[in-house]
Amino acid sequence: MSTTTIEIHVQPKASRDRVVTQGGAIKVYVTAVPEKGRANKAVVEVVARRLGVPKGTVFIVSGERSRTKLLAVEDLSEAEVRRRLGE
């Protein structure tokens, strides 16, 4: 299968880790601070857990220093990624 890319907005230092979809936009809240890659690592873990896939199949393609990030997810279609994140 191919690799799907999705755009997300990240909120670091949140009260809890969670994924919220609002009108097609995907927001990922993580409790980690945006220092030394901690928030980026947390984003990958939270998204992978929500998708039910191994962490090694989720990558940050761009936006490592931005709240808006482009993620790549291997072996899932965009429709399946959006369905699983929207649950």
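Look up a bit, the structure's there.
Anyway, here's the lowdown on the structure attached to this text.

Cut-offs and rules
Residues numbered from 1 in each chain as written. Predicted model: local features only at pLDDT ≥ 70, side-chain atom pairs only at ≥ 80, totals over all residues. Heavy atoms only, no water. Salt bridge = Lys/Arg side-chain N within 4 Å of Asp/Glu carboxyl O. Helix = DSSP H or I, 4+ residues; strand = E, 2+ residues; numbered from the N terminus. Buried < 20%, exposed > 50% of the residue type's maximum accessible area, 1.4 Å probe, protein only. Phe/Tyr/Trp six-rings, centres within 6.5 Å; stacked < 30°, edge-to-face > 60°. Lys NZ or Arg CZ within 6 Å of the ring centre and 35° of its normal. Axes fitted to C-alpha atoms, helices over the stretch in contact; angles between N-to-C directions. Parallel < 35°, antiparallel > 145°, perpendicular 65-115°, else oblique. Contact = heavy atoms within 4.5 Å. Nonpolar A, V, L, I, M, F, W, Y, C, P; charged D, E, K, R; others polar. Pairing = 2+ DSSP bridges. Expected span 1.5 Å × (residues − 1).

**What to know about the pattern of salt bridges**
And step 1. Scanning the model with the defined rule gives four salt bridges in all.
And step 2. Note that R38 is salt-bridged to E35, the shortest N-O span being 3.8 Å.
And step 3. The residue R82 makes a salt bridge to E78 at a minimum N-O spacing of 3.2 Å. Here the residue R82 and the residue E78 both occupy positions in helix α2 (residues 78-86), the gap between them amounting to four residues, near one helical turn.
And step 4. A relative accessible area of 41% places E78 in the partly exposed class.
And step 5. One network of salt bridges, in which partners are shared, links E80, R83 and R84.

**Re the packing of aromatic side chains**
And step 1. Across all of its chains, the model carries zero aromatic pairs by this definition.
And step 2. Lying across the ring of Y29, R18 places its NZ or CZ 4.3 Å from the centre.

**Here's the deal with the packing of helix α1 (residues 38-51) against α2**
And step 1. For the pair α1 and α2, the least separation of the axes is 8 Å and the interaxial angle reads 95°. For the element pair α1 / α2, the angle class is roughly perpendicular. Between α1 and α2, the residues in contact are V47, R50 and L51 and V81, R84, L85 and G86, respectively.
And step 2. Taken together, the residues of the contact of α1 with α2 break down into four nonpolar, one polar and two charged.

**Quick word on the environment of S62**
And step 1. Its location among the elements puts S62 in strand β4 (residues 58-62).
And step 2. In this structure, S62 is in contact with T68, K69 and L70, ignoring residues within four places of it in sequence.

**A few points about the pairing of strand β3 (residues 25-29)**
And step 1. The pairing of strand β1 (residues 3-11) with β3 spans three bridges and is classified as parallel. In the sheet register, H9 faces β3, and the bridge partner there is K27.
And step 2. Where strand β2 (residues 18-22) and β3 come together, five bridges link them in antiparallel fashion. Across the sheet, the residue bridging to V19 is V28, located in β3.
And step 3. Between β2 and β3, which pair antiparallel in sequence order, lie two residues; one of them, G23, sits at a positive phi of approximately 55°.

**Looking at α1**
And step 1. Relative to the 20 Å expected for 14 residues at 1.5 Å per residue, α1 spans 20 Å between its end C-alpha atoms, a close match to the ideal helical length.
And step 2. Those residues of α1 lying buried are A39, N40, A42, V43, V44, V46, V47, A48 and L51.
And step 3. Those residues of α1 that are buried lie in contact with β1, β2, β3, β4, β5 (68-74) and α2.
And step 4. Positioned one or two residues after α1, G52 has a phi angle of 75°, which is positive.

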